[in-house]
Amino acid sequence: MTLTVDRPVAADVPAYDVARVRRDFPILATRMNDRPLVYLDTAASAQKPAIVIDTLKRFYEQDYANIHRGVYDLSQRATAADDAARRKVQRFLGAADWREIVFTRNATEAINLVAASFLRPRLQAGDEVLVTEMEHHANIVPWQLAADAVGAKVVAAPVSDTGELSLDAFVDRITPRTRMIAVAWVSNVLGTVNPVHELVRIAHARDIPILIDAAQAVQHIPVDVQDLDADFLVFSGHKLYGPSGVGVLYGKATHLEAMPPYQGGGDMIDRVSFAGTTWNEIPFKFEAGTPDIAGIVALGAAIDYVEALGLEAIAAHESEVLAYATRAINQLPGVRIIGTAREKCSVLTFAMEGVHPQDIGALLDLDGIAVRTGHHCAMPLHERFGLAASARASIGLYTTHEDIDAFVASLRRVGEMLQ
Ligand code: PLP
């Protein structure tokens, strides 16, 4: 049975029923190498519930047309569906105004937009952007592009051996030249949950704008952007059980209004002439060209889905499975967990003595187990831990103890074979 969009969240919701939840995900019935698929790469991209897949199909079959362009009924229906999805994202993030929600291709594009349109015009030679050593490349390289263009630099706050930020060390890295701070809410490698409310207070006490990369947070932690008060927050739909190809930039309306467009083209203009062009209102000023309309609508369905399950219930389930997996993997000889922060969620990154992570990934795959291997788009963090690569199992709302048992048994065999 799949959840329906309008399913109410009852106060007396039954205990989290992971077996029922799994039936909402058609791909989880797949067999790999003649074994049940054990999908432990949700942090890279989450699998999709039937409601999201059905929404995409139904939208293309019944409601599809380009948006904001036609006076005809179908185009207006598609526009209304796009608007409704934007308001869903607004509500999901607790934003005061739907105009503060910009649809992008993904979190990466959202950060590039802020780096190019917000930061670049205010950056001068010698200025600094503060990030942390645990950032995904998506929250490093866009700032480097902006900095390199003017002779500014990107500075990283250090991460401890347990994978935590020290607030003192973070504050020490702030200088009178710091023009922007950008931090992940949750690290995609360490699983560390950063104290973002405190970081926003630290930034604002010094009049520095701050962007929160919530790509690994929105699927685990309820967000209220008004309470958080960050200037910008980004996430990707595909990690929130929605389709790939759609992401979100939340920005305070005052910032978005003052920022120049990021890309030019259709839909982002008010009037175009060869004498000069004027811009559309926010958020459309930042949405040049035809967006992934069906993807946006299906992202709305994904939000309905996780909200119906309840983010608190999802987080409680995932953290129980993470604790179970951590205990089990700690029993294996020669395995070192990277990231043991007190506040941690959903990912278990590890190195196995004498075994290359690539071999772990390939051998686990023979048992139908999908884990991520490599640098996970966080090379500076791996360097910090003296590693070229690692292996990562990540946990989602559908992960079970049986998944973890299969993973640990397979990993044990890899160790016995190669260590
Ligand atoms: N930030 C973090 C913390 C991530 O984990 C990821 C993806 O893994 C990204 C940003 C980039 O997401 P996307 O590739 O969807 O733009």
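For the structure, check the block above.
Every residue gets a number counted from 1 within its own chain, in the order that chain's sequence is written. Whole-chain, interface and lining totals are the exception, using all residues; otherwise, since this is a predicted model, local features are given only for residues with pLDDT of at least 70 and side-chain atom pairs are given and counted only at 80 or more. The side-chain figures draw on all heavy atoms in the structure; neither hydrogens nor water molecules are used.

(A) Representation of the site of the ligand in the model. Throughout, the term near means that a residue has one or more heavy atoms lying within 4 Å of the molecule or strand in question. In the vicinity of the ligand, the residues found are N106, A107, T108, H136, A138, N188, D213, A215, Q216, S236, H238 and K239. Any pair of N or O atoms that falls within 3.5 Å is considered a polar contact. Within protein, one atom must be able to donate a hydrogen and the other to accept it, and sequence-neighbouring residues count only if both atoms are side-chain atoms. One of the side-chain nitrogen or oxygen atoms of S236 is found 2.5 Å away from an oxygen atom of the ligand. A distance of 2.5 Å separates an oxygen atom of the ligand from a polar atom in the side chain of K239. Each accessible area is a Shrake-Rupley result for a 1.4 Å probe, and residues are judged covered by the shown protein chains and nothing else. For the ligand, the accessible surface in isolation is 390 Å², of which the surrounding protein chains cover 88%. Any residue outside Ala, Val, Leu, Ile, Met, Phe, Trp, Tyr, Cys, Pro, Asp, Glu, Lys and Arg is labelled polar, Gly included; the first ten of those are nonpolar and the last four are charged. Looking at the shell around the ligand residue by residue, the classes come out as 3 nonpolar, 7 polar and 2 charged.

(B) Focus on the environment of A302. In DSSP terms, a helix is any run of H or I states spanning at least four residues, a strand is any run of E spanning at least two, and both are numbered starting from the N terminus. Of note, A302 is situated in helix α10 (residues 293–309). A sequence separation of 247 residues divides A302 from T55, and the C-alpha atoms of the two residues are 9.4 Å apart. Beyond its immediate sequence surroundings of up to four residues, A302 is in contact with V52, L240, Y241 and G242. By the convention used here, residues are in contact when the closest approach between their heavy atoms is within 4.5 Å.

(C) Structural view of the pairing of strand β5 (residues 128–132). β5 sits mainly inside the fold: 5 of its 5 residues count as buried. Side chains E128, L130 and T132 of β5 all project onto a buried face; the interleaved residues V129 and V131 project onto the opposite face, where all are buried too. The pairing of β5 with strand β6 (residues 153–157) spans 5 bridges and is classified as parallel. Bridge pairing in β6 links L130 to V155. Consider the strands pointing away from the viewer: the crossover is right-handed when the path from the first strand over the helix to the second runs clockwise. You can see the chain leave β5, run along helix α5 (residues 141–150) and come back into β6, and the turn it takes is right-handed. A pair of strands is treated as paired once DSSP finds two or more bridges between them. Where β5 and strand β7 (residues 178–184) come together, 3 bridges link them in parallel fashion. Only protein chains enter the area calculation, which uses a 1.4 Å probe; residues under 20% of their type maximum are buried, those over 50% are exposed, and those in between are partly exposed.

(D) Main features of the packing of aromatic side chains. Here is the rule: rings of Phe, Tyr and Trp (six-membered ring for Trp) pair when centre to centre is within 6.5 Å. Planes less than 30 degrees apart are stacked, more than 60 are edge-to-face, and the remainder are tilted. Scanning the model with the defined rule gives 11 aromatic pairs in all. An aromatic cluster of three or more residues is present, and its members are F25, Y241, Y305 and Y398. Consider the ring centre and the ring normal. A charge sits over the ring if Lys NZ or Arg CZ is within 6 Å of that centre and within 35 degrees of that normal. When the ring centre of F385 is taken as origin, the NZ or CZ atom of R384, which lies over that ring, is 4.7 Å away.

(E) Inspection of the sheet that holds strand β16 (residues 372–374) at higher detail. Taking strand neighbours across the sheet as the criterion, the 4 strands line up as β13-β14-β17-β16 in an open arrangement whose pairing is antiparallel. Strand pairing shows two members of the sheet lacking a second neighbour, β13 (335–338) and β16, which therefore form its edges. Ignoring strand direction, the axes of neighbouring strands in this sheet form an average angle of 30°. Each axis is a line fitted through C-alpha atoms, and for a helix only the stretch in contact is used; angles between axes span 0 to 180 degrees, taken between their N-to-C directions. The sheet contacts of helix α11 (residues 311–330) involve β13 and β14 (347–352), and relative to β14 the element is tilted by about 10°.

(F) Expanded view of the packing of helix α3 (residues 73–93) against α10. The N-to-C vectors of α3 and α10 enclose an angle of 40°; their axes lie 8 Å apart at closest approach. By the angle class used here, α3 and α10 are oblique. Here the hand of the crossing between α3 and α10 comes out left-handed. Where α3 abuts α10, its residues A81, D82, A85, K88, V89, R91 and F92 lie against I296, V297, L299, G300, I303, D304, V306 and E307. Class assignment for the residues of the contact of α3 with α10 results in 9 nonpolar, 1 polar and 5 charged. Roughly parallel here means an angle under 35 degrees, roughly antiparallel means over 145, roughly perpendicular means 65 to 115, and every remaining angle is called oblique. Should the near helix be turned anticlockwise from the far one by less than a right angle, the crossing is left-handed, and should it be turned clockwise, the crossing is right-handed.

(G) Spatial organisation of unusual backbone geometry. In the segment running from I282 into P283, the intervening peptide bond is cis, with an omega of 0°. Topologically, P283 is positioned in the loop between β12 (278–279) and α10. At D34, a position not held by glycine, the phi torsion is positive, near 65°. Here D34 lies in the loop between β1 (31–32) and β2 (35–36). A positive phi angle, near 70°, is found at D229, a position not held by glycine. Tracing the backbone through its elements, the reader meets D229 in the loop between α8 (225–228) and β9 (232–236). Residue class for D229 comes out partly exposed when judged on its relative accessible area of 31%.

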